[in-house]
Amino acid sequence: MLGNIRKTNEIVDAPIFKFIKPGGNDSLSDMSGIDLQDLLYYVENYYLELRNRLGFDDKVTFGLELEFEKAFKKRIEQKLEEYQLDDSWRLRGDGSLCRGAEINSPILTDASDSWCQLKTVCQIVQQHASIDKSSGGHIHIGTQVLGNKTESWKNFIKLWSVYENIIYRFVYGDYLNARSSMLKYARPLAKQFWSDYQEMLECDSLTLRGIVSKISHERYQAVNFNNVSDFDRFQSENTIEFRCPNGTLEPVIWQNNVNLFVHLLQYSKSARYDDDMVQRRRIINKNDYSSLTFYGEIYLQQALELCDMIFTNNFDKVYFLRQYLKSFEIGNKELAKPKLFVKK
């Protein structure tokens, strides 16, 4: 039997959601003084749970690549077969791992069954493998989520270049810093994307194909566009691959990462896109933090800004901040973990 998930309306009965209503949309970046202190206190004392659904429509598609080491592959194969997942969640080798493997999901949608399957797969792998310094957690999002307007793609490139430091710390997941193979297999893009964006501003006739070609510097970058091939109609078989997340066997982290990336893409094509805010943040930062060296630090006001921009309800904002802040812990030791912030 696949693992059960508590429904969203069953996991909001906590002090944080008496302070701010889960369905509300408070401007957290405008909080200060006691209000901000209270918010951070409640966030730090809230523990995340796997949600039944995130609220996306069926047009949002995604796929997951779970990498792990020290794998007992035969046992994992047997368990996948036992749960009738072997024809959809495929176990395969991975050349970037020493004695490991990866599991590729089928094309998923935001349905309870998708998250139940993910929970079961994570439980299987937890028993017969582990995460180490080389394990990544890649996520593919169907290109239709961003769409086929050149302006949307430009917005995404600019947004990523300005907030990459926030995104990276968030997708470190249940670790405090980047895996040691990050620079080799998922290098940061902030400086490159900003340069690309500036060049795009000088070319009014740049097509979508031209934009994708310009930003596809290599496969092993934080966001990989090599799987974007059909420009006549964007669809789930064309994907934007996010390679920067650390590997994890915690389904809540996987779900939270998917939620972030989908919202980044959706926000980039929405009428709510606040170019003035993004530009102001760019001027404040002056590209000073666009290096992996600084991405494990906490930039609270910048994180609150991004949170307010891309999410439209307090529930998503709390889930974002809890994973980003990690109890305000910072560490440089490899594979260092923060205090537990996922409910067991």
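Here the structure is shown first, and the text comes after it.
This section reports on the structure supplied with the text. Keep in mind that this is a model prediction, so the values were computed, not measured.

## As for unusual backbone geometry
Then, in step 1: Even without being glycine, Gln84 reaches a positive phi, approximately 60°.
Then, in step 2: Within the fold, Gln84 resides in the loop between α3 (73-82) and β2 (90-92).

## Looking at the packing of aromatic side chains
Then, in step 1: On inspection of all chains with the given rule, the structure shows 22 aromatic pairs.
Then, in step 2: When the centroid spacing of 5.3 Å and the interplanar angle of 40° are considered together, the rings of Phe19 and Tyr42 count as tilted. A residue pair is termed long-range when its members are at least 10 positions apart, and Phe19 in helix α1 (residues 16-19) and Tyr42 in helix α2 (residues 33-44) qualify at 23 residues.
Then, in step 3: An aromatic cluster of at least three residues, connected via ring pairs, comprises Phe17, Tyr46, Phe315 and Tyr319.
Then, in step 4: Looking at Arg169, its charged tip hangs above the ring of Tyr324, at a distance of 5.6 Å from the centre.
Then, in step 5: Its end group placed over the ring of Tyr175, Lys337 keeps NZ or CZ at 5.1 Å from the ring centre.

## Comments concerning α2
Then, in step 1: Relative to the 16 Å expected for 12 residues at 1.5 Å per residue, α2 spans 17 Å between its end C-alpha atoms, a close match to the ideal helical length.
Then, in step 2: Restricting attention to buried positions, one finds in α2 the residues Leu36, Leu39, Leu40 and Val43. Along the axis of α2, the buried residues cluster in a sector spanning 90°; they form a single face. α2 presents Ile34, Gln37 and Tyr41 as exposed residues on the side facing more than 90 degrees away from its buried surface.
Then, in step 3: Structurally, α2 contributes buried residues whose contacts are with α1, α11 (300-310) and α12 (314-325).

Definitions and limits used
- Residues numbered from 1 in each chain as written.
- Predicted model: local features only at pLDDT ≥ 70, side-chain atom pairs only at ≥ 80, totals over all residues.
- Heavy atoms only, no water.
- Helix = DSSP H or I, 4+ residues; strand = E, 2+ residues; numbered from the N terminus.
- Phe/Tyr/Trp six-rings, centres within 6.5 Å; stacked < 30°, edge-to-face > 60°.
- Lys NZ or Arg CZ within 6 Å of the ring centre and 35° of its normal.
- Expected span 1.5 Å × (residues − 1).
- Buried < 20%, exposed > 50% of the residue type's maximum accessible area, 1.4 Å probe, protein only.
- Arc of directions from axis to C-beta.
- Contact = heavy atoms within 4.5 Å.

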